[in-house]
Structure formats: structure tokens, C-alpha cells
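Close look at the chain arrangement
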Amino acid sequence: MPLRDAIVLAAGGGARMWPFATVRNKCAMPVGNVPNVRRLADALARAGVQRVAVVVGARADSVRRALLASAPEVRFVEQPAGGGTAGAVLAGMRALDAERFLVLYGDTVVSEADLRAVIAAAGENSCAALVTPMPSGEGWAWYGARVQGDSVIGVVGHDAEATERLCGVLALDRSYAVHLEASPGYMACVPVGGMPPLEPDLFQAINDRGAPLAAVWCSQPVVDMDKPWHVLQANALAAQWECAALVESRIDPSARVHDGAEIDGAVALGPGSVIGNRVVVRGPLIAGAHTRIVNGAILEGGNLVGDRCRISDYCLLGSDTVVGHGCIVGHGAEMDGVLFDGAYLWHYCEISGVVGASVDIGAATVCGTLRFDDGHAEHRVAGRRERPRDGANATYIGDYSRTGVNAVTMPGAKIGSYACVGAGVIVYEDVPDRTLTLLKQETIRRPWGPERYGW
């Protein structure tokens, strides 16, 4: 019988995702203006999955909200204390009571075609895993797959020498239960000095079971949203997928496009939306309902814009930029990256990176993106130094924060949630959550007047 059940792991605390996991579970991170766990659930429904057990823990409310009125039947399960991924899968199995099932990591951004390929490879009896070539030099960051022919014959944890990577999508059966229950409490298959955390691991159970999994090679890129720059990568990928599917313009009958607009490429406009005079769209563009793109706005292509937005007054959206619902990008503002719902770039600013929900960017706020050495900024992620290849020099601004006029962020700066950066501040280092940063100015006053000029 084809797979009709799935377990979605959505319980992790997301410490490495700071500052964006402060107010939400990272599985509920917006990707193309849809929480990622909802994107997965909708794709599973279209692929024929009927029941989904979602294992929740940290910020479970954001996951529950994201899955309201989901097409598959959703059963929420609490993450067992100290259970790790092995305990999470066991809890999902008990909730579903299914013989065979998919397992998905809820922070994985994966194409629907690749989900369907795993389901097809599993067929009636097999187990399968989605794999992709390991990016050069990144084996230390991911679970490696030991691939032999068309099979995954084992898993190794965070091995710098790994050449293939597991992608967070598997098809398993109940025969794994005994190995999940008998977990040693950590991932035993690691390189020398690997230092695995002390928590039961799903992939150790796969090694203990010893049965090969059918290897399904990704046809599209996969993003594991673990760190802030992955939000940039995931949203750019979603924009590319959705815009590539837009082969011809779709304009709602209640939407309007001004004759004075310059449009090159396909455009999708929702109900009540407007593209006004002097607007330049180097499509594709997908915009939601009741959104106004007016008065000389420039959109460089591959853009997703949500509902109830105003993009106006000679502002600029860079290519693959995603704008959430209820956002404003106003006079002379430049945006390249991702805006979450309700973010305001009211006028004259240059922002590159990820801007959290309901962030208010002050006039003339500028994000520096180039270093004098042309290198990549170093980040601290959960105490570890990293220099990501993509997005290292972007700025990451947490939810419900704001900047004053003329604030400047240096390449790679992160501003926490519920934080405020005052006028004229130059941000060289990360700003913690719930922090107000002000500039202490020293002024000098002396007598001055016409007598200084000889009167």
C-alpha cells in the first residue's frame, strides 16, 4: 500500500537560528510567505499523504497556528523529555499506528517533486532516503550518507570527509521501533573527536537496523534551515520555484495594471491589487491581494510580494526578494533579501538581509555588505565561529525591533528581537534580544558670531 502517513519533527529549540527563533519555532519560519511546516503539509497532501503526526516542543504554538485547517489530518504529539530525534519518531509512530511512514525534518525546504520521488522509491515495501552531494568542505556541518550503488548503507555524523548528505526526508517502517527504543543515547558513528550530543538519535537507529535504504537523489536544491543565512537561501529558492512555474501572466479581474507601467515578464496579481504608473517590473512577479505597487517602484525580478503591501515611490526590490504580508517599502528604500510580515521600510534606506516581523526601519538606515578585505564576515553561532559562503555579509534583524535614523550595520551584524538601535549608531557586534543601544555623543560649544568675521 502506498505511503499515507508521515511524521514531521518540529520540536527543536533552534538556538542556531537566532535571532529568528526567539518568537517562533524554526519550522514555522516563513518561506515564500508560508510557514515551512505548512508548505510541507500541503505538499504531502498533494502527494497523497492523509495523516501527519507533528512532534512539537519549543514554541509549539507557532507550529500549531501554521497548521490550522491543514489538508492532511494532523495529530500533534509532545516531544518526550530527553528523547532526541529517536524519541520524537517513536512518539509519532505511536500516534499514527502505521506500518510504513515518511519522516520529515520540519525545517527542511525541499521540492514537492523530490518528496514524491521518495514516496515512489519506497513503493510497497522499501525504505528510502533523500540524498544530495555534500557541498565541498561542509561535511562537518551535516549528517553524511554512505552510498553504495543505489543504496544508503549507513549514516555518519558530521564527518568532514563525507561526500553525500542526508536531506531530512526518509521513508521507514515499524521494524525501526526496536532500534529507536534501544538507542545508546547518542550518535555512535562519528569521526574521531566528533563529540556527539547526549541524546537518542534517529540516524543511529538506522545504522543499528543495518538494512539499506533506497537512495533518492535530489533533483532540486535542498535547504536545511539551521542558521540565519539559511532563511535567505530558502526564500530565494522558493521565489525561484514559484516564479519558474509562472509561465504566463495571471491578473485577477479586480486587479489593475496601468498603461504607463514597464513590465518585462509574467506577472500574477491577486484581487484588488494595482501596478501603477512609472512602475518597472523585470518579472516574473507574484503579488497577493490588495497590494499596491505604484509611483515608479522598481522590481528587479523573481519577486514574491504578499497581501496588503505598499511598494511605492521609486523604491527598489532586488532580484529574488520576498516581501511578507502587510509590508511597506516606500520612498527611495532599497531592499534585497527577505521581509517578514508587517515590516516597514518607510523611506530612504538600504537593507540587505532578513528583516523580522513588524520591524520598523528608520530613515537612512544602511546595511554594509562589503568588507575592505572583500572577505566573508565571521559569525558566532551557538558559541562557534563560522564564515558562511552565502549570506555572510547580510544583516539579520530580529522580530519586533527597530532602528533610528542614520543607523548603520556592518557586514554580518545581527540585531536581536525586541531590540532598538538608536539614531546614528554603527553596529559592529551582535545586539542581544531586548536591548536598547544608544550613541553617547560628546559636544563642544564655544562663543560664535559676527565678531569672528571682523565686524
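All of the points below concern the structure found in this document. Small disclaimer: the values here were computed from a predicted structure and weren't measured. (Residues numbered from 1 in each chain as written. Predicted model: local features only at pLDDT ≥ 70, side-chain atom pairs only at ≥ 80, totals over all residues. Heavy atoms only, no water.)

1. Considerations on helix 6 (residues 202-209)
This is how it is decided: Buried, partly exposed and exposed residues are distinguished by accessible area as a fraction of the type maximum, computed with a 1.4 Å probe on protein chains only: under 20%, between the cut-offs, and over 50%, respectively. Helix and strand labels come from DSSP, where a helix needs a run of H or I of at least four residues and a strand needs a run of E of at least two; each type is numbered from the N terminus. For this analysis, a polar contact is any N or O atom pair within 3.5 Å, provided that within protein one partner can donate a hydrogen and the other can accept it, and provided that sequence-adjacent residues contribute only side-chain to side-chain pairs.
Residues of helix 6 that are buried: Leu-202, Phe-203, Gln-204, Ala-205 and Ile-206. Its side-chain oxygen placed 2.8 Å from the backbone nitrogen of Phe-203, Asp-201 serves as the N-cap of helix 6. Looking at the residues trailing helix 6, positive phi occurs at Gly-210, about 75 degrees.

2. A look at the environment of Lys-26
Our working definition: Residues are treated as being in contact if the distance between any of their heavy atoms lies within 4.5 Å.
For Lys-26, the location among the structural elements is in the loop between strand 1 (5-10) and strand 2 (30-31). When its relative accessible area of 11% is taken as the criterion, Lys-26 is described as buried. Separated by 264 residues in the primary sequence, Lys-26 and His-290 place their C-alpha atoms 28 Å from one another. Contacts of Lys-26, omitting those with residues within four sequence positions, involve Gly-14, Met-17, Asp-107, Met-225 and Asp-226. At a separation of 2.9 Å, a polar atom in the side chain of Lys-26 contacts the side chain of Asp-107.

3. Remarks on the pairing of strand 9 (residues 143-148)
Put simply, the rule reads: For two strands to be treated as a pair, DSSP must find at least two bridges joining them.
Where strand 9 meets strand 10 (residues 151-157), six bridges bridge the pair, whose relative direction is antiparallel. If you follow Gly-144 over to strand 10, its bridge partner there is Val-156. Where strand 9 folds back on strand 10, the antiparallel hairpin that results is connected by two residues, among which Gly-149 adopts a positive phi of roughly 65 degrees.

4. Examining the nonpolar core
Put simply, the test is: Side-chain atoms within 4.5 Å are what join buried Ala, Val, Leu, Ile, Met, Phe, Trp, Tyr and Cys residues into a set we call a nonpolar core.
Counting 41 residues, the largest nonpolar core has Ile-7, Val-89, Leu-170 and Leu-213 as its most contacted members. Here this core takes seven residues from helix 3 (residues 84-96), the largest share from any one element. Once residues within four sequence positions are removed from consideration, Ile-7 is found in contact with Ala-53, Val-55, Val-89, Gly-92, Met-93, Leu-96, Phe-101, Leu-102, Val-103 and Leu-104. Residues Leu-285, Ala-297, Leu-299 and Cys-327 belong to the second largest nonpolar core, which totals 40 residues.

5. Overview of the side chain of Asp-159
Note the threshold: When charges are counted, Lys and Arg are positive and Asp and Glu negative, with His and the chain ends excluded. Criterion for a salt bridge: a side-chain nitrogen of Lys or Arg within 4 Å of a carboxyl oxygen of Asp or Glu.
Structurally, the position occupied by Asp-159 is in the loop between strand 10 and strand 11 (164-173). For the buried residue Asp-159, which engages in no salt bridge, the nearest side chain bearing the opposite charge is Arg-146, 5.4 Å off. A distance of 3.0 Å separates a polar side-chain atom of Asp-159 from the backbone nitrogen of Glu-161. Discounting residues that sit within four places of it in the chain, Asp-159 has contacts with Gly-139, Trp-140, Trp-142 and Pro-191.

6. Quick look at the pairing of strand 8 (residues 128-133)
Most of strand 8 sits inside the fold, with five of its six residues counted as buried. Two elements, strand 8 and strand 11, share five bridges in a ladder whose sense is antiparallel. By the bridge assignment for strand 11, Ala-129 is matched with Leu-170. Sheet topology places strand 8 next to strand 12 (residues 213-217); four bridges connect them, and they run parallel. Pairing of Ala-128 across the sheet is with Ala-214, part of strand 12.

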